[in-house]
Amino acid sequence: MTNRKSYIQSVIAATCIGCASAVTAGNMEVNVGDYLKPGMNDSQAVDAALYVSRNAESRTLIFKGKTFILTKAVELPSNTTVIIDNCTIKQADYTFDNIFRGNNYVIDPENPFDYVLEVKPLKNIRIIGKGNAVISGCDKNVTIYHPNLKEEQVGVGDYYGWRTHLIHFANLENFEIGNLKIEKSRCWAVAFGMSTRGHIHDIEFDTHVKNGDGLDLLYGCSHILVENITGFTSDDTVAIGGCHDSLPSKAPQYLYTCTPWLKYQLTLDKKRRDSHDIEIRNIRTGGIYHAIIMLCYGGAQMYNIKISDITDTGKRNCHLVDLYTGYGYGSGYNPGDIHDVEISNINGDSDCRGNEVKAALTIQLPVKNVTVSNIINKGNGKDCIITHPDGITVKDVKPEQIYNKLTK
């Protein structure tokens, strides 16, 4: 059988001579639609466009003129810009893969959906929409037999690991994602691990699935600006996640990991596990769970974080902004692992649920040098819940709206 590389070479040689490409100052522009020939699917056209531009200093991959239906992930090399020009990139039904990820994973052939063997450095990736640009998951998701639960299940949510993420990158430096609508996610819509120097902006999320986070910045992300996020997420809109200090034991319901880079990351300096120098601002979303969480555990630290102008756009039976361990206090969190944080202009609409007190802002663990200001909750919950007040300065919040526990 002809292997993938020789197939692409033959496609290029036979059908793509004369395809429209432009080279400007070392950058090669390739229009994916120009490489779509009879008998090819859209993913093969993407492969051909990437192959043609493989030796360029940088490349711009342009999607326009049609809806592109992908049967597998687009694996982007360093120095690549993707332009989605007034069109939709959509997964084919029953696809079990990402839409975009880096080409820097060394995947374990014995466990292709679980931890990877290595995560090579990746740099300079941009995915930018123009006009009505949409990234969409499947209409029909694959079903997978779950050997521990002994039943067929739809392969969505965190039980089924990192291939459920629509956009997924790790060990990436210098990146931008913006001007997009992202819909029909199959778990986390956008996930980054151990990545730095990024700008994520002007994204509308529409997620309605188990673990339907919008954006996850996990396991040592740093120097990132997130701004102008709208829409609805069925789970957290933006999550800053901590990092385990060893490979965690896997609960029986989890077939694959959502953080495939961890095995490799644990071979690096411990400071690579810290999340720091992150700003999140102007988030206006509705959802079932939090708009913003800082989920700290495993001894990794979170610091130099700024969160501002976060607004509920619908009634929420949960906290709008939440700082906590996520897995019970004491699971590797050390007092002060979260430090040097500013939180301001939080506008919640959270209602209590039974004996559970909900708030616009909740801080459930001991922190250091955290400043909180202008926190308002329109619902029947509280403005703030602060269970460990030492190390926290509160401004412009009514004292009677500051609660010290999570239950009535």
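Residues numbered from 1 in each chain as written. Predicted model: local features only at pLDDT ≥ 70, side-chain atom pairs only at ≥ 80, totals over all residues. Heavy atoms only, no water.

Draft legend 1. How the structure looks around the overall build of the chain. Within the chain, the secondary structure is distributed over three helices and 31 strands. Over its C-alpha trace the chain gives a radius of gyration of 22 Å, about what one expects of a compact globule, namely 22 Å for 408 residues. C-alpha extents for the chain along the principal axes are approximately 75 × 45 × 40 Å. Within the chain, contacts between residues at least 6 apart in sequence are counted, and of these 70% link residues at least 24 apart. With an accessible surface of roughly 16,700 Å², the chain has 48% of that area assigned to carbon and sulfur atoms. In the chain, the 42 positive side-chain charges and the 46 negative ones have mean positions that sit 2 Å from each other. (Helix = DSSP H or I, 4+ residues; strand = E, 2+ residues; numbered from the N terminus. Rg over C-alpha atoms; globule rule 2.2 N^0.38 Å. Contact = heavy atoms within 4.5 Å. Areas by Shrake-Rupley, 256 points an atom, 1.4 Å probe, with all protein chains shown as cover. Lys, Arg positive; Asp, Glu negative; His and termini not counted. Charge placed at Lys NZ, Arg CZ, Asp CG, Glu CD.)

Draft legend 2. Structural view of the pairing of strand 20 (residues 222-233). Here strand 18 (residues 196-206) pairs with strand 20 via nine bridges, running parallel. Bridging from a neighbouring strand, Phe 205 pairs with Gly 231 of strand 20. Two strands pair when backbone bridges link them, and strand 20 and strand 22 (residues 275-287) are joined in this way by ten bridges, in the parallel orientation. Residue pairing in the sheet places Phe 232 in a bridge with Gly 286 of strand 22. (Pairing = 2+ DSSP bridges.)

Draft legend 3. Summary view of the side chain of Lys 358. Tracing the backbone shows Lys 358 in the loop between strand 26 (338-348) and strand 27 (359-363). Judged by relative accessible area, which is 5%, Lys 358 ranks as buried. Within the structure, Lys 358 has its side chain in polar contact with the side chain of Glu 356 (distance 3.1 Å). Not counting chain neighbours up to four residues away, the residues in contact with Lys 358 comprise Asn 317, Cys 318, His 319, Ser 350, Asp 351, Cys 352, Arg 353, Asn 377, Gly 381, Lys 382 and Ile 385. (Buried < 20%, exposed > 50% of the residue type's maximum accessible area, 1.4 Å probe, protein only. Polar contact = N/O pair within 3.5 Å; in protein donor to acceptor, adjacent residues only side chain to side chain.)

Draft legend 4. Layout of the pairing of strand 27. Among the five residues that make up strand 27, five are buried, leaving the element largely enclosed by the rest of the structure. Inspection of the sheet shows strand 25 (residues 321-324) paired to strand 27 by three bridges, in the parallel sense. Note on strand 27: the bridge partner recorded for Val 321 is Leu 361. Direction of pairing for strand 27 relative to strand 29 (residues 382-386): parallel, over a ladder of four bridges. By the bridge assignment for strand 29, Ile 363 is matched with Ile 386.

Draft legend 5. Just the packing of aromatic side chains, in detail. Taken as a whole, this structure holds nine aromatic pairs when the rule is applied. Where Phe 175 meets Phe 192, the ring centres are 4.4 Å apart and the plane angle is 20°; that geometry is what we call stacked. Placement of the pair is Phe 175 in strand 16 (residues 172-183) and Phe 192 in strand 17 (residues 190-193), with a sequence separation of 17 residues. Phe 192 carries the same exposure label as Phe 175, and that label is buried. The structure contains a cluster of three or more aromatic residues connected by ring pairs, namely Phe 63, Phe 68 and Phe 100. Arg 54 extends its terminal NZ or CZ atom over the ring of Tyr 51, reaching a point 3.8 Å from the ring centre. For the cation-ring pair, Lys 210 lies above Tyr 159, with the distance from its terminal atom to the ring centre recorded as 4.0 Å. (Phe/Tyr/Trp six-rings, centres within 6.5 Å; stacked < 30°, edge-to-face > 60°. Lys NZ or Arg CZ within 6 Å of the ring centre and 35° of its normal.)

Draft legend 6. The arrangement of the nonpolar core in detail. With 80 residues, the main nonpolar core has Leu 61, Phe 100, Ile 127 and Phe 192 as its most contacted residues. If we ignore the near neighbours within four places in the chain, the residues touching Leu 61 are Val 30, Val 32, Val 46, Ala 49, Leu 50, Val 74, Leu 76, Thr 81, Val 82 and Ile 83. Counting 23 residues, the second largest nonpolar core, distinct from the first, contains Val 116, Cys 187, Tyr 219 and Leu 262. (Core = buried A, V, L, I, M, F, W, Y, C linked by side-chain atoms within 4.5 Å.)

Draft legend 7. View of the sheet that holds strand 19 (residues 215-218). One open sheet accounts for eleven strands, arranged 5-8-15-17-19-21-23-25-27-29-31; its pairing is parallel. In this open sheet, the two strands that pair with only one neighbour each are strand 5 (74-76) and strand 31 (402-403). Bridging between strand 29 and strand 31 involves two bridges; their strand directions are parallel. Residue pairing across strands places Ile 385 opposite Tyr 403, the latter belonging to strand 31.

Draft legend 8. Representation of the pattern of salt bridges. Tallying each qualifying case throughout the model produces 20 salt bridges. Across the salt bridge formed by Asp 97 and Arg 101, the nearest N and O atoms sit 2.6 Å from each other. Using a relative accessible area of 9% as the deciding quantity, one classes Asp 97 as buried. Between Glu 356 and Lys 358 there is a salt bridge; the shortest N-O distance is 3.1 Å. The exposure class assigned to Glu 356 is partly exposed, which follows from its relative accessible area of 35%. (Salt bridge = Lys/Arg side-chain N within 4 Å of Asp/Glu carboxyl O.)

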